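Observations on the three-dimensional arrangement
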Amino acid sequence: MVRVETIPLHKIRRPLYRQNDPNKVAALMESIQEIGLQEPIDILEVDGEYYGFSGCHRFEACTRLGHETILCRVRRAPRSVLQKHLA
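Residues numbered from 1 in each chain as written. Predicted model: local features only at pLDDT ≥ 70, side-chain atom pairs only at ≥ 80, totals over all residues. Heavy atoms only, no water.

**Brief notes about the pattern of salt bridges**
Throughout the structure, instances matching the rule amount to eight salt bridges. Here Glu-39 and Arg-73 are joined by a salt bridge, their closest N and O atoms 2.9 Å apart. Within this pair, whereas Glu-39 is found in the loop between helix H1 (22-35) and strand S3 (41-46), its partner Arg-73 is found in strand S5 (residues 69-76), the two being separated by 34 residues in sequence. For Glu-39, a relative accessible area of 41% gives the class partly exposed. Where Arg-64 meets Glu-60, a salt bridge forms, and the shortest distance between an N and an O atom there is 2.8 Å. Of the two residues, Arg-64 and Glu-60 both sit in helix H2 (residues 56-64), four residues apart, roughly one turn of that helix. Look at Glu-60 and you get partly exposed, because its relative accessible area is 22%. Through salt bridges with shared partners, one network takes in Arg-3, Glu-5, Glu-45 and Arg-76. (Salt bridge = Lys/Arg side-chain N within 4 Å of Asp/Glu carboxyl O. Helix = DSSP H or I, 4+ residues; strand = E, 2+ residues; numbered from the N terminus. Buried < 20%, exposed > 50% of the residue type's maximum accessible area, 1.4 Å probe, protein only.)

**Section: the environment of Glu-34**
Here Glu-34 lies in helix H1. Taking the C-alpha atoms as reference points, Glu-34 and Ser-80, 46 residues apart in sequence, are found 39 Å from one another.

Written out as structure tokens, the structure reads:
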């Protein structure tokens, strides 16, 4: 089951390094300032902890804008699913 909720940015772990396109981040920052974040990022909730593997440009844009929270699609998953994302 997926739920949409606002999560504090500092509570979302991003265990895999992703290289962001600086132009895309800048464009997203401008868009988010004008109309807000339109598409939530997808995160996994495992044992009460949040992990993000996608939405890296949106996450970075919101972080640079000084937002404390971000809109997320949260999917609860067992640790075995998290391990597959980390493999």
